[in-house]
Amino acid sequence: MSLNSTPSSDRVHIGFFGRRNAGKSSVVNAVTGQNLAIVSDVKGTTTDPVYKAMELLPLGPVMIIDTPGIDDEGALGALRVKKTRQVLNKTDVAVLIVDGCEGKKQCDGELIDLFIKKGLPYVIVYNKSDLCAPAPNHAENEIWVSALEGTNIYELKELIGRLAATQENQRRIVADLVSPGDFLVLVIPIDKAAPKGRLILPQQQTIRDILDADANAIVVKENQLKQTLSHIGPRPRLVITDSQVFQRVSTDTPSDIQLTSFSILFARYKGNLAQNVRGVRTLENLKDNDRILICEGCTHHRQCNDIGTVKMPGWIQKYTGKKLEFSFTSGTEFPDDLSDYRLIVHCGGCMLNEREMKYRLQCAEDQGIPMTNYGILIAYIHGILARSLEPFPEIAGILENGDHR
């Protein structure tokens, strides 16, 4: 992936929902200007959510999601409906397609209730205006279209664009912490788990954010940090490290230079840093046979000594001295019922958009289950969390007085 590509996690996610044969996929194709979704008169043609990253004017980079019919039937249909509802957790703008000739049904109303409950901006699209007369009056977030004839498709895109503008993430990864001309040192280990020939997404995005702030990035491996700091002269504004080498980097970074990690930055960028910091203190209260859920937002081939499934459980058990049980999820998997777990440890979430990451955090909070992330936990167990939070004084105070972790 190149540095000028917009990652899926930073695209506006536009979800298209509705009953079977309301013309949902036809509207998706009309909006995107391509045959993204298969269209058929047979009910239930769309069997799984279909994702398409693309440029959509006037919005720019977006993720279009076409979902199965919300009224699908049978055991398999129930699974499809569940997947459709899961899409809501990552949707920034919802588009409800209604068969204009039939009008809204009960399941359409239930979807609207879900949109409202989740705080989603939404538009109701009455399709098939070529077959039935549009209603003379409708709300500002309603529009009549004909996917077949292209009627009002341009106006629909404009309406979606106005709603999407209200969802733009104005927060920055690190740019708000630096001034033009500052330089930062990024510590990036290159080991067997590192993707060959490229950097991982959080590293790419952080470098780009630094450049957008007219600051400078120096990238080194962990075994080059000490020498680099001794040769560059002026102190860097900040050292940012991969969590796996946190302890070594902390040792090699003088105490008058602020230090944090990519994982902590991303907890602040698209999640809830305060909640993650509070959650990590649960380590002090774990008991034998407690269950820990370790979540990763992406799916990848597990390497030997994988951080999520090998290193993280090892670090936790060594620190607590308890005999614990671990469960693992990846990608879009995230349990609805978290009551079996005493603690959730999540990755930085670079592959998840802000809405989905916040949904997971909210699920944990609603069910009273503490949640933290990789970088915060690693810094805590190595006794350097307080130092790692120095760039964020509004968060550092969460740690109790006298606790130097």
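About the thresholds
- Residues numbered from 1 in each chain as written.
- Predicted model: local features only at pLDDT ≥ 70, side-chain atom pairs only at ≥ 80, totals over all residues.
- Heavy atoms only, no water.
- Pairing = 2+ DSSP bridges.
- Helix = DSSP H or I, 4+ residues; strand = E, 2+ residues; numbered from the N terminus.
- Axes fitted to C-alpha atoms, helices over the stretch in contact; angles between N-to-C directions.
- Contact = heavy atoms within 4.5 Å.
- Phe/Tyr/Trp six-rings, centres within 6.5 Å; stacked < 30°, edge-to-face > 60°.
- Buried < 20%, exposed > 50% of the residue type's maximum accessible area, 1.4 Å probe, protein only.

Asker: Could you give an account of the sheet that holds strand 2 (residues 50-56), naming the residues involved and the relevant values?
Answerer: Across the sheet, which stays open at both edges, the six strands sit in the order 2-3-1-4-5-6 with mixed pairing between neighbours. Whereas interior strands pair on both sides, the edge strands pair on one side only; in this sheet they are strand 2 and strand 6 (142-144). Direction aside, the axes of adjacent strands within the sheet are offset by 25 degrees on average. Bridge count for strand 5 (residues 122-127) against strand 6 is three bridges, and the pairing is parallel. Within the sheet, the bridge partner assigned to V125 lies in strand 6 and is I143. Contacts from helix 1 (residues 24-32) reach strand 1 (12-18), strand 2, strand 3 (60-66), strand 4 (93-99) and strand 5 within the one sheet, and its direction differs from that of strand 1 by about 150 degrees.

Asker: So, the packing of aromatic side chains: which residues are in play, and what are the values?
Answerer: Here the structure, examined in full by the defined rule, presents five aromatic pairs. Aromatic pair F17 and F115: ring centres 5.7 Å apart, planes at 55 degrees, arrangement tilted. In this pair, F17 sits in strand 1 while F115 sits in helix 3 (residues 106-117), placing the two residues 98 residues apart along the sequence. One exposure class covers both F17 and F115, and it is buried. For the ring pair F115 and Y122, a centre distance of 5.5 Å and an interplane angle of 40 degrees mean the geometry is tilted. A relative accessible area of 0% places F115 in the buried class. Judged by relative accessible area, which is 17%, Y122 ranks as buried.

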